[in-house]
Amino acid sequence: MSSSTATGSVQFLDGSTPVSPAIPLSNGTASFTIATLPAGARSITARYTGNNLFSPAVSSAFTETILKSNATVSLTLTAGSNPSFVGDTITFTASIAPPAATGSVVFFDGSTAISNAFPLATGTASFSTSFLAAGTHAITVQYSGDADFSDAISPVLSHTVKSRTATSTSLSLTVGANPSVFGAPLTFTARVTPIGSTGSVTFFDGDAPISADVPLRSGSASLRISTLSAGIHSITAHYSGDA
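Note that the structure is predicted; figures quoted are calculated from it, not measured.

Applying the stated criterion across every chain yields a total of two salt bridges. The salt bridge involving R42 is made with D14; its shortest N-O contact spans 3.0 Å. Of this pair, R42 sits in strand 4 (residues 40–48) while D14 sits in strand 1 (residues 9–14), and the two are 28 residues apart along the sequence. Accessibility assignment for this pair places R42 and D14 in one class, buried. Between R164 and D88 there is a salt bridge, and its shortest N-O distance comes to 2.5 Å. One end of the pair, R164, is in the loop between strand 18 (157–162) and strand 19 (168–175); the other, D88, is in the loop between strand 9 (84–85) and strand 10 (90–97), and 76 residues separate them in sequence. Assessed through its relative accessible area of 25%, D88 is described here as partly exposed.

Below you can see the structure in the form of structure tokens.
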């Protein structure tokens, strides 16, 4: 106020929006501290209430420019291993600081987007994939920014995907005859190479499974069956694969 004798109070506004309570004058002045103004150009005014000697008044506008804060982005592998194998499902999780940041993130492999935009939930977003090809991948996440925080990109997370060792599966009839008689017991044996392979084998008659998963032992698994109907059967053995 221009006169130190003025009494009454002052309220501060951002545009037409009050951002303070009514603050009593002290020696003609009133002060207010705030840390929550949104980013952008803010038009700040002070509105004087007046008293029995002085009329109400509004100050000229003071333009205060609030810059966006910088967010930081970190990227971690939260499910799966590094290195992983072709076909493995792995999950990358992005964390934005501060966690109050809103907006979305997109995951990249080099310069190629490998995800849609994922909205942040309490500052985090996750993406799972099983489609990374064999090789080394430079994974990053790009944050969109919001009204209060600038966009940002994470440091590179280097992820290696290894090719699986090729296997082959052979199948033979090890007990019984071909052709056989209805009701005669038959034993089909599958052998997987290399012999150190683990996992399991499922036996099929055409498209229909005729066994549960049979664990490999020393690279082989067998099925004993006596319930094949009369007719011609196309028997196969499907190997599950392993790490």
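With that settled, consider the environment of T36. The topology assignment puts T36 in the loop between strand 3 (23–24) and strand 4. Taking relative accessible area as the criterion, T36 reaches 64% and is therefore assigned exposed. The sequence separation of T36 and L25 amounts to eleven residues, and the corresponding C-alpha distance is 23 Å.

A few words now on the layout of surface pockets. Its volume calculated, the largest pocket comes out at about 360 Å³. Of the residues belonging to the lining of the largest pocket, the class tally is 13 nonpolar, eight polar and no charged.

Moving on to the sheet that holds strand 10. Sheet architecture is open: three strands sit in the order 8-10-14, paired in antiparallel fashion. Each having just a single partner strand, strand 8 (72–79) and strand 14 (124–129) make up the two edges of the open sheet. The sheet shows a mean angle of 20° between the axes of neighbouring strands, direction not considered. Alignment of strand 8 against strand 10, held across seven bridges, turns out to be antiparallel.

A few words now on empty space enclosed by the protein. Considering all chains together, one arrives at one cavity of 30 Å³ or more under this definition. Considered as a void within the structure, the largest cavity measures approximately 40 Å³ in volume. S84, F85, V86, G87, D88, I90, T129, S130, F131, L132 and V161 together form the lining of the largest cavity. Of the residues that constitute the lining of the largest cavity, the class distribution is six nonpolar, four polar and one charged.

What follows deals with the environment of F85. If you trace the backbone, F85 turns up in strand 9. On the accessibility criterion, F85 (26% relative accessible area) is partly exposed. Separated by 158 residues in sequence, F85 and A243 place their C-alpha atoms 7.5 Å apart. When neighbours within four sequence positions are excluded, F85 is seen to be in contact with V161, K162, S163, R164 and A243.

Within this structure, the stated rule accounts for four aromatic pairs. Note on F118 and F127: the rings are 5.9 Å apart at their centroids and 50° apart in plane angle, and the pair reads as tilted. The partly exposed category is assigned to F118, whose relative accessible area is 26%. Each residue in the set F107, F118 and F127 is aromatic and connected to the rest through ring pairs, giving one cluster.

Turning next to the nonpolar core. Core analysis: the biggest nonpolar cluster contains 21 residues, and L75, F92, I96, V105, F107, V141 and Y143 have the highest contact counts within it. Put simply, the parts of the chain that give this core at least two residues each are strand 8, strand 10, strand 11 (104–109), strand 14, strand 15 (135–143) and strand 18. It is strand 10 that provides the largest number of residues to this core, a total of four residues. Residues I225, L228, A237 and Y239 belong to the second largest nonpolar core, which totals 15 residues.

So, on to the sheet that holds strand 24 (residues 220–225). The strand order 19-20-24 describes an open sheet built from three strands, whose pairing is antiparallel. Of all the strands in the sheet, just strand 19 and strand 24 have a single pairing partner and so form its edges. Strand-to-strand twist in this sheet, taken as the mean axis angle between neighbours without regard to direction, amounts to 20°. Taken together, the seven bridges between strand 19 and strand 20 (residues 186–193) define a ladder with antiparallel strand orientation. Counterpart to L173 in the pairing with strand 20 is F188.

Definitions and limits used
Residues numbered from 1 in each chain as written. Predicted model: local features only at pLDDT ≥ 70, side-chain atom pairs only at ≥ 80, totals over all residues. Heavy atoms only, no water. Salt bridge = Lys/Arg side-chain N within 4 Å of Asp/Glu carboxyl O. Helix = DSSP H or I, 4+ residues; strand = E, 2+ residues; numbered from the N terminus. Buried < 20%, exposed > 50% of the residue type's maximum accessible area, 1.4 Å probe, protein only. 1 Å grid on protein atoms, 1.4 Å probe; cavity = no way out; pocket = protein on both sides within 12 Å on 5 of 7 lines; lining within 4 Å. Points joined across faces, edges and corners; volume = space filled by probe spheres on them. Nonpolar A, V, L, I, M, F, W, Y, C, P; charged D, E, K, R; others polar. Pairing = 2+ DSSP bridges. Axes fitted to C-alpha atoms, helices over the stretch in contact; angles between N-to-C directions. Contact = heavy atoms within 4.5 Å. Phe/Tyr/Trp six-rings, centres within 6.5 Å; stacked < 30°, edge-to-face > 60°. Core = buried A, V, L, I, M, F, W, Y, C linked by side-chain atoms within 4.5 Å.

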